[in-house]
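# Architecture at a glance
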Amino acid sequence: MSQQFQGRSSHGQLERKFEPAIENPKPAQQLRNIHVTGVTRDASKTIHYPKQPKIQIIKVPQRCGSNQTVCSVQGFSTLTYDDIRPKEKEESVINKIMRLFTREVDPCKCLPYQNNTCIKAKEWLGNYDADKLKTKYSNLLESKCEPKIIKQINLDVERTHPLKNYPQKLQDLQQVLIAYSKYNKIVGYMQGMNFVAAGLIYHSDNYVAFELLRKLIDLLQMNDLYSPMSPGLSKHIQLIDYLILTKMPDLYQHFCINGVKVDMFCASWLFSLFGMMIPIQKQVKLYDCIFKYGWTYIYQLIIGFLLYHQEILMSEDMTGIICILSQQNYRIDDNEFEVDWDELLDASLNVKISKTFIQEMHMKFDTKIQTFKL
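Going by an unreviewed UniProt entry, the chain carries the name Rab-GAP TBC domain-containing protein and comes from Paramecium primaurelia.

Another point: the overall build of the chain. Within the chain, the secondary structure is distributed over 17 helices and eight strands. Looking at the chain as a whole, 51% of its 374 residues are labelled buried. The long-range fraction of contacts in the chain, counting pairs at least 24 apart against all pairs at least 6 apart in sequence, stands at 75%. Summing over all exposed atoms, the chain offers an accessible surface of approximately 19,300 Å²; the carbon and sulfur share of this is 49%.

So, about helix α4 (residues 147–158). Over its twelve residues, α4 extends 17 Å from the first C-alpha to the last, a length consistent with the 16 Å expected when each residue adds 1.5 Å. The inward-facing, buried residues of α4 abut α5 (167–183) and α6 (193–201).

Locating I324 in the fold gives a position in helix α15 (residues 318–325). Its relative accessible area of 1% is what places I324 among the buried residues. Note: C-alpha distance between I324 and I312 (twelve residues apart in sequence) is 8.8 Å.

Turning our attention to the packing of aromatic side chains. In total, this model carries 17 aromatic pairs according to the counting rule given. For the ring pair Y287 and F291, a centre distance of 6.5 Å and an interplane angle of 40° mean the geometry is tilted. Of this pair, Y287 and F291 both sit in helix α12 (residues 284–293), four residues apart, which is roughly one turn of the helix. The exposure class of Y287 is buried, given its relative accessible area of 0%.

Turning to the pattern of salt bridges, a few remarks are in order. The full count for this structure, using the stated rule, is ten salt bridges. For K235, the salt bridge identified is with D224, shortest N-O distance 3.0 Å. In this pair, K235 sits in helix α9 (residues 233–247) while D224 sits in helix α8 (residues 223–226), placing the two residues eleven residues apart along the sequence. Its relative accessible area of 6% is what places K235 among the buried residues. A single network of salt bridges, built from pairs that share partners, joins K136, E211, R214 and D218.

Taking 1.5 Å of rise per residue, 15 residues should cover 21 Å, and α9 covers 21 Å from first to last C-alpha, within 8% of that figure. Of all the residues in α9, the buried ones are L233, K235, H236, I237, L239, I240, L243 and I244.

Time to look at the environment of L141. By secondary structure assignment, the location of L141 is in helix α3 (residues 130–142). Judged by its relative accessible area of 27%, L141 is partly exposed. Through-space distance from the C-alpha of L141 to that of A179 is 5.5 Å; in sequence the pair is 38 residues apart. In contact with L141, other than residues within four places in its own chain, are Q175, A179 and K182.

Turning our attention to the packing of α12 against helix α13 (residues 295–308). The contact between α12 and α13 brings their axes to 6 Å, and the two run at 130°. In terms of orientation, α12 and α13 fall into the oblique class. Packed against α12, whose contacting residues are L286, C289, I290 and Y293, the element α13 presents W295, T296, Y297, I298 and L301 at the interface. Considering only residue class, the contact of α12 with α13 consists of eight nonpolar, one polar and no charged.

Residues at a pLDDT of 70 or more form 66% of the chain, whose mean pLDDT is 77. Predicted confidence for residues 101–107 stays below pLDDT 50, and this span has 24 contacts to residues more than four positions away or in other chains. Taken together, the stretch residues 332–336 has pLDDT below 50 and engages in seven contacts with residues farther than four places along the chain or on a different chain.

This brings us to the nonpolar core. W269, L270, W295 and L306 are the most contacted members of the largest nonpolar core, which totals 98 residues. Here the element with the most residues in this core is α13; it accounts for eleven residues. With sequence-adjacent residues up to four places away left out, L270 is seen in contact with M222, L225, L233, H236, I237, I240, W295, I298 and I302.

A few words on the environment of F265. Here F265 lies in the loop between α10 (249–257) and α11 (267–272). On a C-alpha basis, the gap between F265 and I322 in space is 6.5 Å, while along the polypeptide they are 57 residues apart. Look past the residues within four positions of F265 in its chain and what remains in contact with it is I244, F255, V260, L306, I322 and L325.

In this section: unusual backbone geometry. In this model, M229 sits at a positive phi of 75°, which is unusual for a non-glycine residue. Mapped onto the elements of the fold, M229 is located in the loop between α8 and α9. Backbone geometry places S230, a non-glycine residue, at a positive phi of 45°. Counting through the fold element by element, S230 comes out in the loop between α8 and α9. Take S230: its relative accessible area is 12%, and that puts it in the buried class.

The rules behind the values
Residues numbered from 1 in each chain as written. Predicted model: local features only at pLDDT ≥ 70, side-chain atom pairs only at ≥ 80, totals over all residues. Heavy atoms only, no water. Helix = DSSP H or I, 4+ residues; strand = E, 2+ residues; numbered from the N terminus. Buried < 20%, exposed > 50% of the residue type's maximum accessible area, 1.4 Å probe, protein only. Contact = heavy atoms within 4.5 Å. Areas by Shrake-Rupley, 256 points an atom, 1.4 Å probe, with all protein chains shown as cover. Expected span 1.5 Å × (residues − 1). Phe/Tyr/Trp six-rings, centres within 6.5 Å; stacked < 30°, edge-to-face > 60°. Salt bridge = Lys/Arg side-chain N within 4 Å of Asp/Glu carboxyl O. Axes fitted to C-alpha atoms, helices over the stretch in contact; angles between N-to-C directions. Parallel < 35°, antiparallel > 145°, perpendicular 65-115°, else oblique. Nonpolar A, V, L, I, M, F, W, Y, C, P; charged D, E, K, R; others polar. pLDDT = per-residue confidence, 0-100. Core = buried A, V, L, I, M, F, W, Y, C linked by side-chain atoms within 4.5 Å.

Structure below.
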């Protein structure tokens, strides 16, 4: 990773409740016991972390699951930390633990089987009348929907892998997508919307998820992307192509030599707003930035993602490049190409792209001739 693309750490106290280590361990594995010093506990027994905790890793053989790393916190409690690979370098492990302990408090405590609206979803939505939104959502569900749209939604809901283990959430997703297809008859339903809606449903009740989906599509002006034939897709592809050329000229030249075009790997990222790739538990930061910065952040994330993989991409031919950049390789953390999404989502904010420039370019795009009028 290039020096200019370093993840940012936001320092502050973190109050976190811990869960016990696994009770039914598997056969003996190499366990890294991580000791964090400088931790305090107040009268209410709440654990507080210092702004710059000291971390020491000691490898000890114990009976533990293959991907489990236990953090021992001054005897107060233990934390099972699952996001560390067994053979990962200790420096990388320490960096991950530092980000875990020094990250600002995330008020979202959502679990996929809960049916309520978390504080982050309320923040994204802003002021709203719950009763009014419920009535609007219910009326939409009671109206008729074209059978072919319902059929396509049902097919895509089953393919929405971030929610595959939560049948109730999949049913909620179906209802929200049907409601939106009735609300926006110009768009109806387009593949990719299921992943966007899934990330919103994870944090909210159905009627709130519907309103967030409506707000997000309006904010990003995605009608031209989700409409039949996707006339707006070329606008984003051409802009991304230009950004790769100006931000990463060596990689751009490598793509050209190997016949790799942006639309070969980028379309699914745009239609799903990265929902196909980013684990649903880590999408809070994604939606925070999209609701705040709009398309500018999505472009920053795309460039950041390419920077994150630049070294390996430069060594691959066309087949290897497409394989690495394909969403098929990022199916919920069981892939060969590991991605530290916490680091990547934060570090992408450092990619310098002018919001004013993006807004001006969007306004200059002519969907009829599929080019920018400069």
